[in-house]
Each structure stands twice: as structure tokens, then as C-alpha cells.
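# Residue-level structure breakdown
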Amino acid sequence: MKSSRLNLFDLTMIVVSLVIGMGIFRTPVNVARQAGSADMFFIAWITGGLVALCGALTYAEIGSRYPVTGGYYKIFSYCYHPSIAFAINCIILVSNAASLAGVALIGSEYLANVLFKGSTNINSIKLLISTIAVILFYSVNLMGLKMSARTQNVLTVIKIGVVVFLISALFTGDYATAVTPASLEAPGLMNTLKAFGACLVAVSFTYGGYQQTINFGGEVQNPSKILPKGIFFGIAIIMLLYITINYTYYKVIGFGNLKEAQSIAAILAGKLFGDKGFTILSVLLFLSVLAYVNVLLMSNPRVMYAMSDEGVLPAIFKKVSARRNVIVVSLSAFTTLCLITLFYGKTFDEILDHTIFLDSIGMATSAGTIFILRKRAVGEDIKDSYRMKLYPLLPLIFIASYLFVGTSIAINTPKAAWVSALVFAVFFVLYFVLRIFKKSPQPN
């Protein structure tokens, strides 16, 4: 029934909740470090928001034209060869595992700086805390715990509340903005582009999540009007919050200090309420991270289950425990993947490059399906479905932006690029290997 579909407010809140995670409490440090100036710092955040808007509108039309359950896997399978669908969705799982590891490290950074401040082995301590968090919630999920939608809504409100709370630091004191000395030499066009690309790596991580709008194209009231409005309002809210909180970091901490700061959100809380504020917010942010870890450990094994159910992964991945109805093998496999990523990357900065390079492959190829769907006239018979304006400009801007980000990673951190490309190649070959085994006659 139409009344059960998403309205404008529902969709706006979904877009906001999909995007705002823990990145905004850590990645501004990475962006400031790469930016040659405060101007580039803010331009990168504005650009990231505009790219996110182009992407969200592109995915909304894809979902509206091809409204099926599990849209992100199905759209690859329909538009490309099944091997591409398999490889892309596998690297998305790897990317999600890397995101979980990276976010766990963000949370552990906040907790470690409270409990082990001044320790000489702070990176090892953060790795240990992150590992314990992953194993703890793996155990919780093995017990069959389910997180309700109400809890997720509350956590979204809390995250927005924390951002707004931190922004209030602007109005509680007279902060003198630290001036960054200007370079005597102009950086040159190539160096500027290189630095800007490096900035967009962290910005892309922070704005990520809007691609899930592909799953809501057929679930919205009056989609031709509600979809673009909901996405526009959602991205506008996110941009406003992100730019304002980054201005708060810039004003309170200072651009020069921001480059090397740790636990930046807690520093703002400390400015508001002293040492107690620093400690309390550090713990709250760590608890928010645990919720994120739990959500990813709940959702991603279900993707593996769906892939197994369709025969693209071995049948063992859909094995469910009789006692607690838990997808044991998929949950264990994804948890193992998270731990491997955690110990391989060790630091948030290293994991970030791998995550976004894999995302660049997934984003560019998934957005490219809009051209195939339009050429095949898919969804033209669906009444009142959404069609973006400024086609093909918006998807072209989006795809070009992610190709630029992927190229920047390949230039700045080639190891991350070739390792990630190798992972994609392995999954591509694995598809054909699994097909061979599936076709092999079974012994009597």
C-alpha cells in the first residue's frame, strides 16, 4: 500500500543515517594533513558533498528503474557478466570489513588516549582494543542478538546530537584561529591536483553510504518528486553539519594543530567541559563505534548468505545454526576478514587507502549501470518512477570523481592500489574456479 511507503522525512533521515558515521570524528585530521591550505581543506569538503549528491541521485534512478531486493548485487549481475557481479560484491565485503576495522581503530584511539595517555606503545594498544571489540561482538552475534530498528534510530539521533554538541564549542569561548604560514613558492598545478586528490580520499570515506539509496527506488511515495527532494535535503543536512563541524575544528583547534591532533572531537569537548568532558565524550564515541561494529557484523554475513543462496558462493555460507538461527560460517568468515584487515593495515591511515581504492572500483562500475539501463529502456514502463535531471552530466561527474580518487591513491600510495587490484583479480578468477567445481561430477 502507498501509505506504507517512505515519505519525504523518512527518506531524508535514511540518507542522513546512511552517511553520518564515525569518520567525521577522525578524517578531518587526514584532510588537513594533505591540504596545502585551509582553503583547500574546505573546498575538499564542499566538493565531496556535491559528488555525494550526484552519486545519490544516480543510485536513486538506478533503484527506481530496477527495484529489486538486494539491488546492489542484482544490478551488477543484470548489467555485467556474473563474474563482475561476484568480484565487485566480494570486494565490497572486503571494503566493509576494512571500514569496520578502520572505524574500530577510530574508537580505540579515543579510548586509548583516555586510559593510556602518554603510552609509548599507543598503536599496539589501539590494535588490541580494536581486536577485543571485534571478537566481543562476534561472540554477541553468535548468541543470536538482534539490534532493533529503534536502537538504530536512537544511535543516529545520538550521532547527530554529538555533532551539534561539538559545534556549540564555537559559541562558548573566544578562540583565535591559528594562522598557517603561506608558502613562498606556488605549489604548481600537478602538486595541487595531487594534494587535492589525497584530500578527497578521506572526504570520500566520510561521505560514504549514500550508495544504499539504490535499495529504496521502489519503496518511496511519489518517487519522481520525493526521491530527489529527500536526497537533496539529506545531503544538504550532511554538508551543513560536516562543513560547520570542520569550521569548529579549524576555529577551536587551529588548522596547523589539526594536522597532528588526536581525538579531535574529545579535544572540543575538553574545551567545553575540561578534562571530564574529554573523558566522557571519548567513552561515548567508543560506545558508538561498538554499535557500528555490531551492525556490520550483523548485516554483511547476510549478504554472504544471499550470495550463497543464489549459488555464487559455496552452500556452506548459508549454513544456519539450529539452536540460535545464526549464520555461523558467514559470520565467522566476515569476522576473520575484519581481523585480517585490522592486522594487515594496523593503522587507520593505511586501511583508509585500501578501502577507498576498492570503493572507487565499486562506485564507478555501479554508477555506470545507469547508461546500460537507459540504453535498454529498463523501467520505462514503471509508473511515476524517478528520472534525474542533467543526465548524463551527474553520473559522469560522479564516475570521473571516483576515477580521480582511485588514480590519486595509485600515485600517492601505490602499494594500497596494487594490493587492492590484486584482491579484485583474485575474486574474479575465483568465480570461474567455483563454477568449475560446481560443474564437476560428484562422487557416488
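As a starting point, this report considers the structure included with it. Just so we're clear, the structure is a prediction, and the values are computed from it rather than from any experiment.

Moving on to the overall build of the protein. Helix and strand counts for the protein stand at 16 helices and zero strands. Across the 444 residues in the protein, those meeting the buried criterion constitute 51%. Of all intrachain contacts in the protein linking residues separated by at least 6 positions in sequence, the fraction that spans at least 24 positions is 82%. Split by element, the accessible area of the protein, about 20600 Å² in all, is 66% carbon and sulfur.

The next thing to look at is unusual backbone geometry. The omega torsion of the bond from Tyr391 to Pro392 falls at 5 degrees, within 30 degrees of zero and hence cis. Tracing the backbone through its elements, the reader meets Pro392 in the loop between α14 (369–375) and α15 (393–412). One non-glycine residue, Ala377, lies in positive phi territory at about 60 degrees. Note on placement: Ala377 falls in the loop between α14 and α15. The phi torsion at Leu390 lies on the positive side, around 65 degrees, for a residue other than glycine. Structurally, Leu390 is set in the loop between α14 and α15.

Turning next to the packing of aromatic side chains. What the rule picks out here adds up to 19 aromatic pairs. Taken together, a centroid distance of 6.0 Å and an interplanar angle of 40 degrees make the contact between Tyr247 and Tyr250 tilted. Of the two residues, Tyr247 and Tyr250 are both situated in helix α9 (residues 223–252); the distance of three residues between them amounts to about one turn of the helix. Look at Tyr247 and you get partly exposed, because its relative accessible area is 35%. Ring centres of Phe398 and Tyr402 lie 5.1 Å apart, and the angle between their planes is 55 degrees; this geometry places the pair in the tilted category. Placement of both Phe398 and Tyr402 in helix α15 is noted, with a separation of four residues, approximately one turn of the helix. With relative accessibility at 0%, the residue Phe398 sits in the buried group. Chaining the aromatic ring pairs together yields one cluster made of Phe41, Phe42, Trp45, Tyr207, Tyr242, Tyr247, Tyr250 and Phe255. The ring of Tyr391 carries the charged tip of Arg374 above its face, separated from the ring centre by 3.7 Å. Here the basic side chain of Arg376 rests over the ring of Tyr78, its NZ or CZ set 5.0 Å away from the ring centre.

Now for empty space enclosed by the protein. Per the counting criterion, the structure on display carries one cavity of 30 Å³ or more. Estimated volume of the largest cavity: approximately 80 Å³. Lining of the largest cavity is provided by Gly48, Val51, Ala52, Leu200, Ser204, Tyr207, Tyr210, Ser401, Tyr402 and Val405. Taken together, the elements giving at least two residues each to the lining of the largest cavity come down to α3 (38–65), α8 (189–207) and α15. Residue classes in the lining of the largest cavity are distributed as seven nonpolar, three polar and no charged.

Inspection of the secondary structure puts Thr335 in helix α12 (residues 328–345). Not counting the four nearest positions on each side in its chain, Thr335 is found in contact with Val134, Tyr138 and Leu297.

What follows covers helix α2 (residues 27–34). Every α-helical turn comprises 3.6 residues, leaving residues that sit three or four positions apart pointing alike. Of all the eight residues making up α2, six are buried; the element is thus mostly covered by neighbouring parts of the structure. Among the residues of α2, those classed as buried are Thr27, Pro28, Val29, Asn30, Val31 and Ala32.

Moving on: the packing of α3 against α8. Geometrically, a packed helix pair is captured by the angle between its two axes and the distance between the axes. Contact geometry for α3 and α8: axes closest at 9 Å, N-to-C directions at 55 degrees. The pairing of α3 with α8 is recorded here as oblique in orientation. Considering only the axes of α3 and α8, their crossing is right-handed. Along its contact with α3, which presents Met40, Ile43, Ala44, Trp45, Thr47, Gly48, Gly49 and Ala52, the element α8 presents Thr192, Ala195, Phe196, Cys199, Leu200, Val203, Thr206 and Tyr207. Along the lines of polarity and charge, the residues of the contact of α3 with α8 split into eleven nonpolar, five polar and no charged.

Residue position: Phe116 is located in the loop between α5 (82–115) and α6 (122–142). When the C-alpha atoms of Phe116 and Lys126 are compared, they prove to be 9.7 Å apart, with ten residues separating the residues in sequence. Not counting residues up to four positions away in its chain, the partners in contact with Phe116 are Ile122, Ile125 and Ile129.

Criteria and thresholds
- Residues numbered from 1 in each chain as written.
- Predicted model: local features only at pLDDT ≥ 70, side-chain atom pairs only at ≥ 80, totals over all residues.
- Heavy atoms only, no water.
- Helix = DSSP H or I, 4+ residues; strand = E, 2+ residues; numbered from the N terminus.
- Buried < 20%, exposed > 50% of the residue type's maximum accessible area, 1.4 Å probe, protein only.
- Contact = heavy atoms within 4.5 Å.
- Areas by Shrake-Rupley, 256 points an atom, 1.4 Å probe, with all protein chains shown as cover.
- Phe/Tyr/Trp six-rings, centres within 6.5 Å; stacked < 30°, edge-to-face > 60°.
- Lys NZ or Arg CZ within 6 Å of the ring centre and 35° of its normal.
- 1 Å grid on protein atoms, 1.4 Å probe; cavity = no way out; pocket = protein on both sides within 12 Å on 5 of 7 lines; lining within 4 Å.
- Points joined across faces, edges and corners; volume = space filled by probe spheres on them.
- Nonpolar A, V, L, I, M, F, W, Y, C, P; charged D, E, K, R; others polar.
- Axes fitted to C-alpha atoms, helices over the stretch in contact; angles between N-to-C directions.
- Parallel < 35°, antiparallel > 145°, perpendicular 65-115°, else oblique.
- Left-handed = near helix turned anticlockwise from the far one by under 90°.

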